[in-house]
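The chain contents come next:
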Amino acid sequence: MLQVQFIRDHKQTVLDGLAKRNFANAEQIINAVLTADENRRATQVSLDNVLAESNKLSKEIGGFFKSGEVQKANLLKEKTSLLKEQSKEFTETLNKISEELQDLLYQIPNVPHASVKAGKNEEDNEEVYKEGTIPNLGENALPHWELAKKYDIIDFELGTKITGAGFPVYKGKGARLQRALINYFLDKNIKAGYTEVQVPHLVNTASATATGQLPDKEGQMYHAEVDDLYLIPTAEVPITNMFRGDLKQESDLPISVTGYTPCFRREAGSYGAHVRGLNRLHQFDKVEIVRVERPENSYQALNGMVEHIKDILRELKLPYRILRLCGGDTGFTAALTFDFELYSTAQERWLEISSASNFETFQANRLKLRYKNKDGKTQLVHTLNGSSLALPRVLAGILENYQTADGIKIPEVLVPYCGFDVID
């Protein structure tokens, strides 16, 4: 959530940033925010004046009673009764305006970083890096869903029987490879300085709102209505909310946390060839990294996260590229996002496997997550997160890019975790 003060002081910067996102009715909503803020502040001044007058009269009433001037005291008590009514009215008005202001702010996405270019959709994203050799598999290369069936390692039909489409069952070496990837990703993150946590897989409304999933993506989340809890779409939500409402000291920062969770996404409206197999699921596993940083260090931290993810993909020896997302494709809460995509040789297309994002103060403002600097000044932190990595498409890439006539080889770095070097 943007800070009202920032909108007030940098209105044109906000409008220019929202234009990069093609955000509809930007000027109308921004003007509504500023008007609501002016009304809120004016109402607050009126309320403060009434309360100050009421307090003043209360002291005078006490003095009159002590001196025996009961009539004067009673006259002033009548005035305080009127002031109490005014105070109640101003408080109700203030609460209503504050709610309206909050609702308006919830509608506004983050302002993109200066390096983010305008664009409508993923077609306008910028490729900023590419690494790895795309293997030549020949004409008989199979897509991962056929390899999964051939070697009996993932059963999509069984998952449909148990739950529905998008909930696969991993079997035998497929399940062991899945577990190996999780452990490998966690170990890499821990070695890089991240602290591992295990967090709940359901969150309350306050948590989902604090990290920006609500109200923006309400339709994409599974909602347990009886308990009013949401299945998490990513570990980012519970991990970041570990720090909701905290006031950190500068010496506490940076904070680096990693965690593995299953993730649940309705993916409403997803259909067609591009959702086959592991390409798009309703339940999938992911290892996440989250950072809490001082504002002046956050972009250096983002670069460090990008390099860390690069290192993992180098060890897996998978061909990948990095995209800087354009304004139209950048997530609601992010100021800058780098997407990692690996090349699916059998499908002959790029698959997104990770996003690394800096939210600047956008999430921290909702979280009320602040720190006190060396000068004693309290300010909002910057939050960041990234996938390292999302498993389904990494697994798909391994199956397709490592396939041979004799079976599917296991990346060397994963062999100690798997306990086998080939799926045959």
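Structure first, text after, so check above.
Predicted model, so just to flag it, every value in this text is computed and none were measured.

Enquirer: Explain the overall build of the chain residue by residue, including any values.
Expert: In terms of helices and strands, the chain carries 13 helices and 19 strands. Principal-axis analysis of the C-alpha atoms places the extent of the chain at approximately 105 × 45 × 40 Å. Across the 424 residues of the chain, 49% fall into the buried class. The contacts in the chain between residues at least 6 apart in sequence include a share of 74% that link residues at least 24 apart. Carbon and sulfur atoms make up 47% of the accessible area of the chain, which totals about 20,600 Å². On the chain, the mean spot of the 51 positive side-chain charges and the mean spot of the 58 negative ones are 3 Å from each other.

Enquirer: Tell me what's going on with the sheet that holds strand β11 (residues 320–324), and back it up with residues and numbers.
Expert: The strand order across the open sheet built from 8 strands is β1-β11-β12-β13-β16-β10-β9-β4, with neighbouring strands paired in mixed fashion. A strand with exactly one partner marks an edge of an open sheet, and here the two such strands are β1 (126–131) and β4 (195–196). The strands touched by helix α7 (residues 172–191) are β4, β9 (255–264), β10 (283–293) and β16 (382–390); relative to β10, the strand with the most contacts, the crossing angle is about 5°. Of the strands in this sheet, β10, β12 (336–344), β13 (349–360) and β16 are in contact with helix α12 (residues 391–401), which crosses β16 at around 35°.

Enquirer: Please give an account of the nonpolar core that cites residues and values.
Expert: Ranked by size, the top nonpolar core spans 54 residues in total, and within it F185, V394, L399, L414 and I423 carry the most contacts. The dominant element in this core, judged by the number of residues it contributes, is helix α10 (residues 298–316), at 8 residues. With sequence-adjacent residues up to four places away left out, F185 is seen in contact with V287, I312, L316, S388, L389, L391 and V394. Grouped together as the second largest cluster of nonpolar side chains are 20 residues, L18, L34, L104 and L105 included.

Enquirer: So what about the side chain of Q403? Which residues, and what values?
Expert: Looking at the element boundaries, Q403 is found in strand β17 (residues 403–404). In terms of polar contacts, Q403 uses its side chain to reach the backbone carbonyl oxygen of L142, at 2.9 Å. The contact partners of Q403, leaving out residues within four places of it in the chain, are L137, A141, L142, L147, A346, I398 and I408.

Enquirer: I'd like to hear about the packing of aromatic side chains, residue by residue, with values.
Expert: For the coordinates displayed, the defined rule picks out 6 aromatic pairs. Among the aromatic residues, those joined into a ring-pair cluster are Y129, Y320 and F340. Against the face of F420 rests K173, its NZ or CZ located 4.8 Å from the ring centre. Between K310 and the ring centre of Y129, over which it is positioned, the NZ or CZ distance is 3.7 Å.

Enquirer: Could you give an account of the layout of surface pockets, naming the residues involved and the relevant values?
Expert: Using a probe with the size of a water molecule, rolled over the atoms, empty space left in the structure can be pinpointed. Computed from the structure, the largest pocket encloses a volume of approximately 1,700 Å³. Along the walls of the largest pocket sit 50 residues, with R265, R280, D339, E352 and S355 positioned nearest its centre. Residue assignment for the lining of the largest pocket shows that the elements contributing at least two residues are β10, β11, β12, β13, β16 and α12. Top element by residues in the lining of the largest pocket is β13. It accounts for 9 residues. Grouping the constituent residues of the lining of the largest pocket by class yields 17 nonpolar, 16 polar and 17 charged.

Enquirer: If you had to explain α7 to someone new, which residues and values would you point to?
Expert: Spanning 20 residues, α7 covers 29 Å between terminal C-alpha atoms, matching the ideal 28 Å at 1.5 Å per step. Residues of α7 that are buried: G174, L177, Q178, A180, L181, I182, Y184, F185, L186, K188 and N189.

Enquirer: So, the pattern of salt bridges: which residues are in play, and what are the values?
Expert: Under the defined criterion, the tally for this structure stands at 23 salt bridges. Here K173 makes a salt bridge to D424, at a shortest N to O gap of 4.0 Å. In this pair, K173 sits in helix α7 while D424 sits in the segment after β19 (422–423), placing the two residues 251 residues apart along the sequence. Two residues, K188 and E315, come together in a salt bridge whose shortest N-O distance is 3.1 Å. With K188 in helix α7 and E315 in helix α10, this residue pair connects regions lying 127 residues apart in the sequence. For E315, a relative accessible area of 31% gives the class partly exposed. Sharing partners across several salt bridges, the network here consists of R8, D37, R40 and R41.

Enquirer: Any chance you could break down the pairing of β10 for me, citing the residues and the numbers?
Expert: For β10, the tally of buried residues reaches 10 of 11 residues, placing the bulk of the element in the interior. Here β9 pairs with β10 via 10 bridges, running antiparallel. Residue Y260 lies in a different strand from β10, and its bridge partner there is V287. The sheet contact formed by β10 and β16 spans 7 bridges and is antiparallel. Paired with K286 across the two strands is A390, which belongs to β16.

What counts and what doesn't
The numbering scheme is per chain: residues are counted from 1 as the chain's sequence reads. Totals for whole chains, interfaces and linings use all residues, but because this is a predicted model, local features are given only for residues with pLDDT of at least 70 and pairs of side-chain atoms are given and counted only at 80 or more. Just so you know, side-chain values use all the structure's heavy atoms and leave hydrogens and water out. Only DSSP runs of H or I covering at least 4 residues are called helices, and only runs of E covering at least 2 are called strands; the numbering of each starts at the N terminus. A 1.4 Å probe rolled over the protein chains alone gives each residue an accessible area, and that area as a share of the maximum for its type sets the label: buried under 20%, exposed over 50%, partly exposed in between. Residue contacts follow a heavy-atom distance rule, with two residues in contact if any of their heavy atoms lie within 4.5 Å. With residues, only the protein chains shown are counted as cover, and all accessible areas are computed by Shrake-Rupley using a 1.4 Å probe. The positive count covers Lys and Arg only, the negative count covers Asp and Glu only, and His and the chain ends enter neither. By convention, the charge on Lys lies at NZ, on Arg at CZ, on Asp at CG and on Glu at CD. Being paired, for any two strands, means DSSP has found at least two bridges between them. Axis lines are fitted through C-alpha atoms, for helices just across the contact stretch, and the angle between N-to-C directions can take any value from 0 to 180 degrees. Here, the term nonpolar core denotes a set of buried Ala, Val, Leu, Ile, Met, Phe, Trp, Tyr and Cys residues that are joined through side-chain atoms within 4.5 Å. Polar contact is defined as a pair of N or O atoms within 3.5 Å, subject to the rule that within protein one atom must be able to donate a hydrogen and the other to accept it, and that residues adjacent in sequence are counted only when both atoms are side-chain atoms. Any pair of Phe, Tyr and Trp rings, taking the six-membered ring for Trp, is counted once the centres come within 6.5 Å. Such a pair is stacked with planes under 30 degrees apart, edge-to-face with planes over 60 apart, and tilted for the rest. When the NZ atom of lysine or the CZ atom of arginine is within 6 Å of a ring's centre and also within 35 degrees of its normal, the charge is said to sit over that ring. Lining residues are defined by having an atom within 4 Å of a point belonging to a cavity or pocket. Those points lie on a 1 Å grid over the protein atoms alone, cavities being sets where a 1.4 Å probe fits but cannot get out and pockets being open sets with protein on both sides within 12 Å along at least five of seven lines. Grid points are joined across faces, edges and corners, and a volume is the space filled by probe spheres set on the points. Residues are sorted three ways: Asp, Glu, Lys and Arg are charged, Ala, Val, Leu, Ile, Met, Phe, Trp, Tyr, Cys and Pro are nonpolar, and all the rest, Gly among them, are polar. Here a helix's expected span is defined as the number of its residues, less one, multiplied by 1.5 Å. When a carboxyl oxygen of Asp or Glu lies within 4 Å of a side-chain nitrogen of Lys or Arg, that pair is called a salt bridge.

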